[in-house]
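Here is how the chains run, residue by residue.
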Amino acid sequence: MPHKIKTVTDAELAVMSLLAEKPMHGYQIEQIIEERGMRDWTNIGFSSIYYILEKLRKIDWLESILEHRKGTGPARQIYSLTTTGRNIWKKAVISALSNPHRSNSNFQLGLSNLLHLEKVQIIYALEKYAKKLEQKYQQVSEKLTNQSEGIPWNVSAMFDLSLTQIKAESDWVKAFIKKINPTTL
């Protein structure tokens, strides 16, 4: 019977993707996740990075070497993809790119319950949501602006997609508010 490869979680794929760029230690991974705003589109906490690194190392998708630092500071584990890990990473990336995934949103749950609210409550909530989308757009734009010169084109594409999605959702919310109450906005 053929050996079945386990499914790669989004958090595992995020870590593996960064290691596909270059070998690095856990704190470097955290810094890149923070700089790129990756937590906006994948669920990965700081403490889970080390858990994932160790988990993937144990199943031979990653290998690590101990890097002794010059001067002060403890030695660090530098992680890199193994050949198996790189092959699994590539398959996971191709799967992620070729299969549309719906995001489950509690906003959609809110929409499904509109009939149970008063119009004024609906408009208030949606206008608040629209303002938060505008703030989110600003935050992502600032992160893109603050990126160092020459960010990889794939990272630029992620920012572009995020900004486009936020703008599309913002436009939809504003149009929906007008549909409910043409005198608002």
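Residues numbered from 1 in each chain as written. Predicted model: local features only at pLDDT ≥ 70, side-chain atom pairs only at ≥ 80, totals over all residues. Heavy atoms only, no water.

Caption draft 1: Main features of the overall build of the protein. Looking only at helices and strands, one finds seven helices and two strands in the protein. Its helices and strands taken in sequence order, the protein reads α-α-α-β-β-α-α-α-α from the N to the C terminus. Computed over its C-alpha atoms, the radius of gyration of the protein comes to 21 Å, more than 25% above the 16 Å expected for a compact globule of 185 residues. Along the longest, intermediate and shortest principal axes, the C-alpha atoms of the protein span 65 × 50 × 30 Å. Per-residue burial for the protein yields a buried fraction of 32% across its 185 residues. (Helix = DSSP H or I, 4+ residues; strand = E, 2+ residues; numbered from the N terminus. Rg over C-alpha atoms; globule rule 2.2 N^0.38 Å. Buried < 20%, exposed > 50% of the residue type's maximum accessible area, 1.4 Å probe, protein only.)

Caption draft 2: Main features of the packing of helix α1 (residues 10-21) against helix α2 (residues 26-36). Contact geometry for α1 and α2: axes closest at 11 Å, N-to-C directions at 105 degrees. If you check the angle between α1 and α2, you find them roughly perpendicular. Residue-level contacts link V15, L18, L19 and E21 of α1 to I29, I32, I33 and R36 of α2. Of the residues in the contact of α1 with α2, the class split is six nonpolar, no polar and two charged. (Axes fitted to C-alpha atoms, helices over the stretch in contact; angles between N-to-C directions. Parallel < 35°, antiparallel > 145°, perpendicular 65-115°, else oblique. Contact = heavy atoms within 4.5 Å. Nonpolar A, V, L, I, M, F, W, Y, C, P; charged D, E, K, R; others polar.)

Caption draft 3: Just the nonpolar core, in detail. By size, the foremost hydrophobic cluster in this structure holds 26 residues, and its most contacted members are M16, L19, I29 and L53. Breaking this core down by element, the ones donating at least two residues are α1, α2, α3 (46-58), β2 (76-81) and α4 (83-98). With eight residues, α1 is the largest single contributor of residues to this core. For I29, the residues in contact, after removing those within four places along its chain, are V15, L18, L19, M24, I49 and L53. Counting 16 residues, the second largest nonpolar core, distinct from the first, contains V140, L163, V173 and I180. (Core = buried A, V, L, I, M, F, W, Y, C linked by side-chain atoms within 4.5 Å.)

Caption draft 4: Representation of the packing of aromatic side chains in the model. The tally for this structure, following the rule as stated, stands at four aromatic pairs. On the basis of an interplanar angle of 75 degrees and a centroid distance of 5.9 Å, the ring pair of F46 and Y50 is categorised as edge-to-face. Placement of both F46 and Y50 in helix α3 is noted, with a separation of four residues, approximately one turn of the helix. Overall, F46 belongs to the partly exposed group, its relative accessible area being 40%. For Y50, a relative accessible area of 36% translates into the label partly exposed. When the centroid spacing of 4.1 Å and the interplanar angle of 10 degrees are considered together, the rings of F107 and Y129 count as stacked. Placement of the pair is F107 in helix α5 (residues 106-112) and Y129 in helix α6 (residues 119-146), with a sequence separation of 22 residues. According to the relative accessible area criterion, F107 is buried, its value standing at 16%. Through successive ring pairs, a cluster of aromatic residues spans F107, Y129, W172 and F176. (Phe/Tyr/Trp six-rings, centres within 6.5 Å; stacked < 30°, edge-to-face > 60°.)

Caption draft 5: Local environment of helix α7 (residues 153-180). An ideal rise of 1.5 Å per residue puts 40 Å on 28 residues; α7 measures up with 40 Å between its terminal C-alpha atoms. Residues of α7 that are buried include every one of V155, F159, S162, L163, I166, S170, V173, F176, I177 and I180, and no others. Buried residues belonging to α7 abut α2, α5 and α6. (Expected span 1.5 Å × (residues − 1).)

Caption draft 6: Broad picture of the pattern of salt bridges. Taken as a whole and assessed by the stated rule, the structure comprises eight salt bridges. Across the salt bridge formed by R39 and E30, the nearest N and O atoms sit 2.5 Å from each other. Looking at R39, the relative accessible area reads 30%, which means it is partly exposed. As a salt-bridge pair, K167 and D171 come within 3.1 Å of each other at their nearest N and O atoms. Of this pair, K167 and D171 both sit in helix α7, separated by four residues, roughly a single helical turn. With relative accessibility at 43%, the residue K167 sits in the partly exposed group. Take D171: its relative accessible area is 37%, and that puts it in the partly exposed class. (Salt bridge = Lys/Arg side-chain N within 4 Å of Asp/Glu carboxyl O.)

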